[in-house]
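# Summary of structural features
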Amino acid sequence: MGKSSKYPSYSGGTISINGSDKASTYKKGNTIVSNYNMSDDEKRAYEYAQKSFADSLSKVNVFDEDTKNNLQSQLEAYTLNGQKMVDKMYTPMLEDLKTDIASRFGNFDNSVFMDNLNSIEENRAESMNNLAQDVLAKRDELISNELSQRYTYLGFLQDIQNQMNSNILNYISGSQANSSSGNSYNAQAYAANQSKSSSLGNYANLASGALSMMGPYGMAAAAALQVAKQYV
């Protein structure tokens, strides 16, 4: 009975950067394990992105008091600026009208003054109405911008996690490829060794048969050869 070669143990794989193992694949019991070794900085960034994403996701469409006050402050500033622009446009018109009427008629109690005054006031009222519409549009714009910034931030956090996960999988795939390469080499070496052992065993059988035909001394040598074959 020939002695079989021991099947090779599992060959693990690693990926190293500057001498530091970043990813490894190994056998633990009956389980093949692949692991990525995060640096302290990577771990902080990964955990921060995860926590910030989870915290922000539940509040993305909720405006707290600080946010509301900030938006209201911006809206009031926009409204005040619009009112100043309207006043800046129509106040000089009224002053010019008063000066013109006073120089020509000496008083404001006349139809020319009233007609022109009504025309200016109508235009001014229309401008104020347009301003009110602009303020509503500005409010919607401020809200839309706030939400857009929040969703952009969520996308940024998710991109960080996705990129890190992609890098991790790439490193692990590299360690698995190295492990597969080692195991492939071991299997080929084992098969070659088994083939060699089989050939030697066949040769021993042929030699033993030939020696047994050579009489007592040949039979003794054949017996010794069969014993030796067990260790091939």
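Further up the page is the structure itself.
Below is a summary of the structure that appears in this document. (Residues numbered from 1 in each chain as written. Predicted model: local features only at pLDDT ≥ 70, side-chain atom pairs only at ≥ 80, totals over all residues. Heavy atoms only, no water.)

## Things to note about the layout of surface pockets
- Considering only enclosed or pocket space, the largest pocket measures out at about 210 Å³ in volume.
- What lines the largest pocket is simply Tyr78, Asn81, Gly82, Met85, Val86, Met89, Ser127, Asn130, Leu131 and Asp134.
- Elements represented by at least two residues in the lining of the largest pocket include exactly helix H2 (65-105) and helix H3 (111-212).
- With six residues, H2 is the single largest residue contributor to the lining of the largest pocket. (1 Å grid on protein atoms, 1.4 Å probe; cavity = no way out; pocket = protein on both sides within 12 Å on 5 of 7 lines; lining within 4 Å. Points joined across faces, edges and corners; volume = space filled by probe spheres on them. Helix = DSSP H or I, 4+ residues; strand = E, 2+ residues; numbered from the N terminus.)

## Description of helix H1 (residues 40-57)
- Between its first and last C-alpha atoms H1 spans 26 Å; for 18 residues at 1.5 Å apiece the expected length is 26 Å, and the two agree.
- For H1, the full list of buried residues reads Tyr46, Ala49, Ser52 and Phe53. Down the axis of H1, the smallest arc covering the buried residues is 140°, so these residues share one side. Pointing more than 90 degrees away from the buried face of H1 are the exposed residues Asp40, Arg44, Tyr48 and Lys51. (Expected span 1.5 Å × (residues − 1). Buried < 20%, exposed > 50% of the residue type's maximum accessible area, 1.4 Å probe, protein only. Arc of directions from axis to C-beta.)

## A short note on the environment of Thr91
- Within the secondary structure, Thr91 sits in helix H2.
- Overall, Thr91 belongs to the partly exposed group, its relative accessible area being 33%.
- Spatially, the C-alpha atom of Thr91 lies 9.5 Å from that of Arg124, the residues being 33 residues apart in sequence.
- In terms of polar contacts, Thr91 uses its side chain to reach the backbone carbonyl oxygen of Asp87, at 2.8 Å. (Polar contact = N/O pair within 3.5 Å; in protein donor to acceptor, adjacent residues only side chain to side chain.)

## Comments concerning the packing of aromatic side chains
- All told, the structure shown has one aromatic pair when counted by the stated rule.
- Geometrically, the ring pair formed by Tyr36 and Tyr171 is tilted, given 5.6 Å between the ring centres and 35° between the ring planes. Pair noted here: Tyr36 is in strand S3 (residues 31-36) and Tyr171 is in helix H3, with a separation of 135 residues, a long-range link.
- Note on Tyr36: relative accessible area 13%, which makes it buried.
- The class for Tyr171 is partly exposed, based on a relative accessible area of 26%. (Phe/Tyr/Trp six-rings, centres within 6.5 Å; stacked < 30°, edge-to-face > 60°.)

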